[in-house]
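Results of the structural survey
Residue strings, one per chain:
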Number of protein chains: 2
Amino acid sequence: MLDFTALKLDDQTPIYQQVVRYVKLAIISGTASSGEELPSRRFLSALLGVNPNTIQKACRLMEEEGFLQSAAGSGSSLSFTPEMAAEMKRALLREETLRYLDSVKKMGLGRQAVLALVEDLWAEETGGEER
Amino acid sequence: MLDFTALKLDDQTPIYQQVVRYVKLAIISGTASSGEELPSRRFLSALLGVNPNTIQKACRLMEEEGFLQSAAGSGSSLSFTPEMAAEMKRALLREETLRYLDSVKKMGLGRQAVLALVEDLWAEETGGEER
DNA sequence: CTGACTGTATTATATCAGTAATACAGTCAG
DNA sequence: CTGACTGTATTACTGATATAATACAGTCAG
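1. Concerning the overall build of chain A
Scanning chain A from N- to C-terminus turns up five helices and two strands. Against the globule reference of 14 Å for 131 residues, chain A gives a C-alpha radius of gyration of 18 Å, more extended than a compact globule. With respect to the three principal axes, the spread of C-alpha positions in chain A is 55 × 35 × 30 Å. By the burial criterion, 38% of the 131 residues in chain A qualify as buried. Considering only contacts within chain A whose residues lie at least 6 apart along the sequence, 58% involve residues at least 24 apart.

In structure tokens form, the structure reads like this:
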């Protein structure tokens, strides 16, 4: 059963998008496995303090993307191949990195400056666990 | 006179936020200098193909942030000190980098993997001009 | 079978971003 | 002074996000 207690909602992005992203990150990082169940829509909406329709919208999107299967009475569960997970990771990493690089370039930074900045803030952020 | 022809609008973010960001990036990168004039709100809205009220909202925000001065009849012009520009750059770089690093960490990447990814996509993106 | 859960669908309302169409007041060149 | 520009303000409309309150149908343990 996928855990949603770690999902912190911000009010800058549509909630349904944040929910989809949270599930995708769980798949990408290996936290969630294919076949794993999601809490019911009603339970999830109560847990997150949002409307059931908002969760329903997130679930509909994930079904359309092909990694969630739902059936009345049986609940909803993840369903994806390792290839789908790998492609999901590749696409999301590429997209976010290109957006970030485009942004810092517009601020006038060069390659070395970005690398230095990333190293600096990497250490600062979460106590710098080496990997 | 600040040039807005290079501003490409996307439909994922509120337009007024994109306009503010564009002006900030011009200040940060040194493209714009204090005292420089902005095109009139009507001209700008026509150029970007958006509503005058949207531009008005962007201008109001920039006034509240303290780097734009407006007066009826005289137009709007930038007004900032070198210290304000430096602080703007520092804050924006820090914010965007931390957001990016948080995201890639959630996807399971480590320090080395991020640095490698940034180097790879840096070269790919704009033909890789060294700096 | 019954009841309590599941997903699904519908209608109404509120808020916000953006559009649209005006109106008004300050500045300044002619 | 006049007119054409400037910023500023107001009202009305649309679409998307989210809320709220239901209603209906499928599943399954007791």
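2. Describing the protein's contact with DNA strand C
The local shell around DNA strand C holds 26 residues, among which A:Arg41, B:Pro14, B:Ile15, B:Asn51 and B:Asn53 are the closest. A share of 60% is what sugar and phosphate atoms reach among the atoms of DNA strand C within 4 Å of the protein. Between DNA strand C and the protein, one listed contact pairs a base oxygen with a side-chain N or O atom of A:Arg42 at 2.8 Å. Breaking the surface near DNA strand C down by element, the ones donating at least two residues are α2 (41-48), α3 (52-65), β1 (68-71) and β2 (75-78) of chain A together with α1 (15-29) and α3 (52-65) of chain B. Counted by class, the surface near DNA strand C contains seven nonpolar, 14 polar and five charged residues.

3. Describing the interface of chain A and chain B
Contacts between the two partners involve 35 residues from chain A and, on the opposite side, 36 residues from chain B. Summed over both sides, the interface of chain A with chain B buries roughly 3900 Å², with 65% coming from carbon and sulfur. Where A:Glu119 meets B:Arg111, a salt bridge forms, and the shortest distance between an N and an O atom there is 2.9 Å. For the pair chain A and chain B, the interface holds ten residue pairs in polar contact (both at pLDDT 80 or more). Contributions of two or more residues to the side of chain A that touches chain B are made by α1 (15-29), α4 (82-106) and α5 (111-125) of chain A. Of the residues in the side of chain A that touches chain B, the class split is 16 nonpolar, six polar and 13 charged.

4. Quick look at α1(A)
For α1(A), spanning 15 residues, the distance from its first C-alpha to its last is 21 Å, which sits close to the expected 21 Å at 1.5 Å a residue. Contact partners of the buried residues in α1(A): α2, α3, β2 and α4 of chain A together with α4 (82-106) of chain B. A:Gly30 lies just past α1(A) and shows a positive phi near 90°.

Criteria and cut-off values
Residues numbered from 1 in each chain as written. Chains lettered and ligands numbered in written order. Predicted model: local features only at pLDDT ≥ 70, side-chain atom pairs only at ≥ 80, totals over all residues. Heavy atoms only, no water. Helix = DSSP H or I, 4+ residues; strand = E, 2+ residues; numbered from the N terminus. Rg over C-alpha atoms; globule rule 2.2 N^0.38 Å. Buried < 20%, exposed > 50% of the residue type's maximum accessible area, 1.4 Å probe, protein only. Contact = heavy atoms within 4.5 Å. Near = heavy atom within 4 Å. Polar contact = N/O pair within 3.5 Å; in protein donor to acceptor, adjacent residues only side chain to side chain. Nonpolar A, V, L, I, M, F, W, Y, C, P; charged D, E, K, R; others polar. Buried area = accessible area lost by both parts, 1.4 Å probe. Salt bridge = Lys/Arg side-chain N within 4 Å of Asp/Glu carboxyl O. Expected span 1.5 Å × (residues − 1).

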